[in-house]
Amino acid sequence: MAAALYGDDGFFRRERPADHFRTSVSASPVFATAIAQLVAGVDKALGHPDVLTVVDVGAGRGELLSQVFTLLGRDSRVRPVAVERAERPDGLDPGIEWRADLPDEFAGLLIATEWLDNVPLDVAVLDQDGVARYLLDDGELGEPLDSADAHWVERWWPLRVPGDVAEIGLPRVQAWADAVGRVTAGLAVAVDYGHTMADRRPTLTGFRDGREVEPRFDGSTDITAHVAVDALGVPVLKQREALAALGVDGARPPLELATTDPAGYVRALSRASQAAELLAEDGLGDHWWAVRTVTIEWTPWRLSQSWTR
Ligand SMILES: C[S@@+](CC[C@H](N)C(=O)[O-])C[C@H]1O[C@@H](n2cnc3c(N)ncnc32)[C@H](O)[C@@H]1O
């Protein structure tokens, strides 16, 4: 999976994510508006520091940061940083820093939309003797799990009968912990599709040209698996709750507006339908937001650790 996605000729080295699947970022500019609100809240909570860093991990082609930086009026205190394995795209706002690795430390907001689902993982299968083994890409079973993976599976995705499959989420937990550990003050948010113990299920799949396809390990498809969000060790909430608290509202505008201000009505209707897509049941609204505050008390949400169940 690592080689297929990020090797020299890997899928994400060549392909633009928005050409192959729809994320909250690519779905509508309403998402960037909400993230700009979040940045403003973090800025206030940090007491309007001289430098407010906004790091987007797995930034795609910088679409989210470009919009957020514009919405914030290119505030000279804001340092937008895109962390991305792909090359810097032509024409990107020169005010946006582009790098392959996370900065060592920073204060501000760390945002990662649909990053963790693309952090490579291994798949475990319980064999006929009750031993959990790695699934190889030719479909055969390989070595028994090492102790770290075995421990993770036992805690977060127990295998009960021969043939049971688990997607070993430990690399996501480690990637998230590493990213959060670099935030000296502020907020870290990962937005992704996921599951919890209540609805754990194998999800590994591929995407290409807007369609779900059999995952291929030759760099020709995206390869993705849902994130075991409860294992991240931080409060989680659904995107529809997270965005509602940031003012995203999918309600249609009142019909009277159509007579008093037809153009305004059409604009409001378009905004509402874009918002509705981000909030949709069985759609983007079901995505999880994993949230970690660092030194600040503020978030737009009333977070409860019990949401990690
Ligand atoms: C599914 S796309 C999401 C793009 C964008 N965030 C969005 O929501 O539309 C995942 C992106 O994460 C990038 N990525 C994955 N792991 C990464 C890592 N460790 N460092 C930098 N970029 C990474 C991939 O190259 C890809 O562009």
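Just so you know, these numbers come straight off a predicted model, no measurement behind them.

About the thresholds
Residues numbered from 1 in each chain as written. Predicted model: local features only at pLDDT ≥ 70, side-chain atom pairs only at ≥ 80, totals over all residues. Heavy atoms only, no water. Helix = DSSP H or I, 4+ residues; strand = E, 2+ residues; numbered from the N terminus. Rg over C-alpha atoms; globule rule 2.2 N^0.38 Å. Buried < 20%, exposed > 50% of the residue type's maximum accessible area, 1.4 Å probe, protein only. Contact = heavy atoms within 4.5 Å. Areas by Shrake-Rupley, 256 points an atom, 1.4 Å probe, with all protein chains shown as cover. Lys, Arg positive; Asp, Glu negative; His and termini not counted. Charge placed at Lys NZ, Arg CZ, Asp CG, Glu CD. 1 Å grid on protein atoms, 1.4 Å probe; cavity = no way out; pocket = protein on both sides within 12 Å on 5 of 7 lines; lining within 4 Å. Points joined across faces, edges and corners; volume = space filled by probe spheres on them. Nonpolar A, V, L, I, M, F, W, Y, C, P; charged D, E, K, R; others polar. Domains from an automatic or database assignment. Buried area = accessible area lost by both parts, 1.4 Å probe. Salt bridge = Lys/Arg side-chain N within 4 Å of Asp/Glu carboxyl O. Polar contact = N/O pair within 3.5 Å; in protein donor to acceptor, adjacent residues only side chain to side chain. Pairing = 2+ DSSP bridges.

**Some details on the overall build of the protein**
And then number 1: Along its length, the protein carries 10 helices and 16 strands.
And then number 2: Relative to the 2.2 N^0.38 estimate, which gives 19 Å for 309 residues, the radius of gyration of the protein is 20 Å and therefore close to what a compact globule would have.
And then number 3: With respect to the principal axes defined by its C-alpha atoms, the protein has extents near 70 × 45 × 40 Å.
And then number 4: Residues counted as buried form 51% of the 309 residues belonging to the protein.
And then number 5: Of all intrachain contacts in the protein linking residues separated by at least 6 positions in sequence, the fraction that spans at least 24 positions is 71%.
And then number 6: Here the protein has roughly 14600 Å² of accessible surface; of this, 50% comes from carbon and sulfur atoms.
And then number 7: Placing the 30 positive and 49 negative side-chain charges of the protein at their respective mean positions leaves the two points 5 Å apart.

**As for the layout of surface pockets**
And then number 1: Size it by volume and the largest pocket reaches roughly 640 Å³.
And then number 2: What lines the largest pocket is a set of 33 residues, among which Val57, Gly58, Ala59, Glu84 and Trp115 lie closest to the centre.
And then number 3: At the level of secondary structure, the elements contributing two or more residues to the lining of the largest pocket comprise helix H1 (2–6), helix H3 (24–27), strand S1 (52–57), helix H5 (63–71) and helix H7 (170–180).
And then number 4: Among the residues forming the lining of the largest pocket, the class breakdown is 18 nonpolar, 6 polar and 9 charged.
And then number 5: Considering the residues around the second largest pocket, the lining is formed by 16 residues, among which Val123, Leu135, Leu136, Leu204 and Phe217 are closest to the centre.

**Some points on the environment of glutamate 214**
And then number 1: As for its position among the elements, glutamate 214 is in the loop between strand S12 (211–213) and strand S13 (222–224).
And then number 2: Apart from the residues lying within four places of it in its own chain, the contact partners of glutamate 214 are Gly206 and Thr221.

**Concerning the domain arrangement of the protein**
And then number 1: On domain assignment, one finds that the protein holds domain 1 (2–120 + 169–249 + 276–308) and domain 2 (122–166).
And then number 2: The gap between the C-alpha centroids of domain 1 and domain 2 is 29 Å.
And then number 3: Taken together, the contact between domain 1 and domain 2 spans 12 residues of the former and 9 residues of the latter.
And then number 4: Between domain 1 and domain 2, a total of about 930 Å² is buried, with carbon and sulfur atoms accounting for 75% of that surface.
And then number 5: Summed over the shared surface of domain 1 and domain 2, the result is 0 salt bridges.
And then number 6: At the junction of domain 1 with domain 2, the criterion picks out 1 residue pair in polar contact (both at pLDDT 80 or more).
And then number 7: Within the side of domain 1 that touches domain 2, the residues separate by chemical class into 7 nonpolar, 2 polar and 3 charged.

**Some remarks on the pairing of strand S6 (residues 132–135)**
Here is the key point about a regular strand: its side chains alternate between the two faces of the sheet.
And then number 1: Bridge count for strand S5 (residues 122–126) against S6 is 3 bridges, and the pairing is antiparallel. The residue bridging alanine 124 from the neighbouring strand is tyrosine 134, located in S6.
And then number 2: In this antiparallel pair of consecutive strands, S5 and S6, the connection spans 5 residues, and glycine 130 shows a positive phi of 80 degrees.
And then number 3: Pairing of S6 with strand S7 (residues 141–144) involves 2 bridges; the strand directions are antiparallel. Among the inter-strand pairings, arginine 133 is bridged to a residue of S7, identified as proline 144.
And then number 4: Hairpin connection from S6 to S7: 5 residues lie between these consecutive antiparallel strands, with glycine 139 at a positive phi of about 90 degrees.

**Some details on the environment of phenylalanine 11**
And then number 1: In this structure, phenylalanine 11 sits in helix H2 (residues 11–14).
And then number 2: Residue phenylalanine 11 is classed as buried on the basis of its relative accessible area, which comes to 0%.
And then number 3: What phenylalanine 11 contacts, discounting residues up to four positions off in sequence, is Ala4, Leu5, His20, Phe207, Arg208, Gly219, Ser220, Thr221 and Asp222.

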